[in-house]
Structure formats: C-alpha cells, structure tokens
Amino acid sequence: MIHIKTLEDIEWIRESGRIAARTLDLIEKRLEPGLTTEQVDRLGHQFILDNGGVPSTLGYRGYPKSMCISINDEVVHGIPGKRRIQDGDVVKVDVTVYKNGFHGDTARTFIVGTAPDEAHRLVEATRKSLELAIPIVREGNWLGDIGATIQEYIEAQGFSVVRNFVGHGIGREFHEDPQVPHYGRRHSGRKLEMGMVFTIEPMINEGTWEVKILKDGWTAVTRDGKLSAQFEHTIAVTKDGPDVLTLSD
C-alpha cells in the first residue's frame, strides 16, 4: 500500500531530510585517515540529536548503530566499529533521521585522500546516475523509467547495478511501498502519482553486481571484492515535478 503524502507531510519529511544532509556535510569536513568508523558514527549521532532528531537506524530490526558506514567493497549496511579509515578509501555514509513523526534518508560516497582514477570514475558515475534519474520523478512516468535510466547509463560506463537492494517509499515509516529498483524496463511497474515520496539510492559496483552478506547479518560486500559506490536522495512527486527533500540548504 502506497501512502500518498500531503504538502504538510512533505515539509516534515524535508525537515528530517535536511538534518540528514547536514550530517553528511559535517562528516565530509571531518573525514580523514585514522578515524574509526565508530568515531564517525558518534559524530553523526550527536549532530542529529543536537538538531532535534533521532537516528532512524539505531535499533531498527536490531541494527546497533546510528548510521551505515561501508568502505571499499562493502556495498551497504556496514556497521561502524573499530575499523580505521585509510588513505584512498571509498567511504559510503548512509544517514536517516526521524523527527516530528517522519523520516528523511540520504547517502553519499566520499573518497578519503588519494585514490586510483577508476575509483573516482566509479563514484562520479554513481553520482551522475542519481542526477539523471531525478528528473524522471514526474506524475505519469513509471517506476521502471527510473531503473532503466540508471541501468542504461551505468552499464554504458562499464559498471554494474546492484539488484539485491532497492530504493523505497518513506514517510511515517522508515521503509514503505513502493520498492524502487535501480534497473529494469521503461514503462513498467507502478505509475508515479503526485504525493508519492520515495528514495532513489543506486548502489553501483566496479565489477559484478552480485553481493554476499557477511556473518554479522548486515554488511553486504561485492562478490568479486571490487569497489562499490552509492548516492541517495529522498524525493517527492509534486505538481511541479521532482522535489528533492534531502538537501542541506
């Protein structure tokens, strides 16, 4: 069941999304070699609390931390801990904030220090695929149009789209309908309606799209050990087209 949001609902989601985006702004300024992922998590956790929010992931289905921090071949859901960030690491930080009854969800990939050109190309292609998909979020288009736009661009760059994890509706619940695949066929799936709010969060791999889950039950890594990148926004379908709700300003 898809929950259509009112204009007031969308503004509440925007407030949560803005805090999540500003959390990433802060982390981007502070990321450096030697920091542990636990330290980064604590930094984000405190910032969210200081701005009147609550980390949505903390305790969600037993998840133990306030953010997901995934490094290099870790695709998504990396659990912060004692691991130290190294020069050249590709670091994905996924933040979701709950405030005033609504969630806002966003993610970015950061390159710490000096990394190979191919890592930069992967990160830039992932960012670009999200940018290309956002204009598709218009009433009358199809969910399949979003996935096809991402898949066509990414595969033309020689990379692959993860299929095990997808975008999702969001609002009063962290995860709602619809599911938003980042691959697929045009003119397929659900038609977009005004008031729908969902995430687009392409996870793009340097090699194969296949992943495996580690023994912690959360962390997904690339099956071939190659790099992965991710960017994510929460977006509303409005009468004027897409409205990105996870901008820091």
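Note: the structure precedes this text.
Residues numbered from 1 in each chain as written. Predicted model: local features only at pLDDT ≥ 70, side-chain atom pairs only at ≥ 80, totals over all residues. Heavy atoms only, no water.

Caption draft 1: Up close: the sheet that holds strand E11 (residues 211-213). Taking strand neighbours across the sheet as the criterion, the three strands line up as E3-E12-E11 in an open arrangement whose pairing is antiparallel. Each having just a single partner strand, strand E3 (74-76) and E11 make up the two edges of the open sheet. Neighbour-to-neighbour, the strand axes of this sheet turn through a mean angle of 40°, independent of strand direction. The pairing of E3 with strand E12 (residues 220-222) spans two bridges and is antiparallel. Each bridged residue has a counterpart across the sheet, and for Glu-74 the counterpart in E12 is Val-221. (Pairing = 2+ DSSP bridges. Helix = DSSP H or I, 4+ residues; strand = E, 2+ residues; numbered from the N terminus. Axes fitted to C-alpha atoms, helices over the stretch in contact; angles between N-to-C directions.)

Caption draft 2: Spatial organisation of the packing of helix H3 (residues 117-133) against helix H4 (residues 143-156). Running from N to C, H3 and H4 cross one another at 145°; their axes reach a closest spacing of 9 Å. In the crossing of H3 with H4, the sense of the turn from one axis to the other is right-handed. Packed against H3, whose contacting residues are Ala-125, Thr-126, Lys-128, Ser-129, Leu-132 and Ala-133, the element H4 presents Ile-146, Thr-149, Ile-150, Tyr-153 and Ile-154 at the interface. Of the residues in the contact of H3 with H4, the class split is seven nonpolar, three polar and one charged. (Left-handed = near helix turned anticlockwise from the far one by under 90°. Contact = heavy atoms within 4.5 Å. Nonpolar A, V, L, I, M, F, W, Y, C, P; charged D, E, K, R; others polar.)

Caption draft 3: Seen up close, the pattern of salt bridges. Overall, the coordinates contain 14 salt bridges when judged by the stated rule. Between Arg-83 and Glu-74 there is a salt bridge, with the nearest N and O atoms lying 3.1 Å from each other. You can call Arg-83 partly exposed: its relative accessible area is 38%. Classification of Glu-74 as buried rests on a relative accessible area of 14%. The salt bridge partner of Arg-121 is Glu-118, with a shortest N-O separation of 3.2 Å. Here the residue Arg-121 and the residue Glu-118 both occupy positions in helix H3, the gap between them amounting to three residues, near one helical turn. Beyond isolated ion pairs, a larger network of salt bridges with shared partners links Glu-11, Arg-14 and Asp-243. (Salt bridge = Lys/Arg side-chain N within 4 Å of Asp/Glu carboxyl O. Buried < 20%, exposed > 50% of the residue type's maximum accessible area, 1.4 Å probe, protein only.)

Caption draft 4: Region of the structure containing the environment of Val-93. By the secondary structure assignment, Val-93 is in strand E4 (residues 90-99). The exposure class of Val-93 is buried, given its relative accessible area of 1%. The sequence separation of Val-93 and Met-67 amounts to 26 residues, and the corresponding C-alpha distance is 7.0 Å. Residues in contact with Val-93, not counting those within four places in the same chain, are Leu-24, Ile-27, Met-67, Cys-68, Ile-69, Thr-106, Ala-107, Arg-108 and Phe-110.

Caption draft 5: Fine view of the layout of surface pockets. Of the voids in this model, the largest pocket is the one considered here, and its volume is about 510 Å³. Along the walls of the largest pocket sit 24 residues, with Tyr-60, His-77, Val-166, His-168 and His-175 positioned nearest its centre. Taken together, the elements giving at least two residues each to the lining of the largest pocket come down to E4 and strand E8 (176-180). Per-element accounting of the lining of the largest pocket gives the leading share, four residues, to E8. In terms of residue class, the lining of the largest pocket is built from ten nonpolar, seven polar and seven charged. (1 Å grid on protein atoms, 1.4 Å probe; cavity = no way out; pocket = protein on both sides within 12 Å on 5 of 7 lines; lining within 4 Å. Points joined across faces, edges and corners; volume = space filled by probe spheres on them.)

Caption draft 6: Examining the pairing of E8 more closely. Bridge count between strand E7 (residues 167-169) and E8: three bridges; the pairing is antiparallel. Residue pairing in the sheet places Gly-167 in a bridge with Val-180 of E8. Here E7 folds back onto E8 in antiparallel fashion, the turn holding six residues.

Caption draft 7: A look at the nonpolar core. Val-137, Ile-146, Ile-150, Ile-154, Phe-198, Ile-200 and Ile-204 are the most contacted members of the largest nonpolar core, which totals 30 residues. Sorting the residues of this core by element identifies H3, H4, strand E9 (197-200) and strand E14 (233-238) as the ones contributing at least two each. Counting residues per element, this core draws most heavily on H3, at six residues. The contacts of Ile-150, once residues within four sequence positions are left out, are Ser-129, Ala-133, Val-161, His-182, Ile-200, Pro-202 and Ile-204. Residues Val-40, Ile-85, Val-91 and Val-95 belong to the second largest nonpolar core, which totals 17 residues. (Core = buried A, V, L, I, M, F, W, Y, C linked by side-chain atoms within 4.5 Å.)

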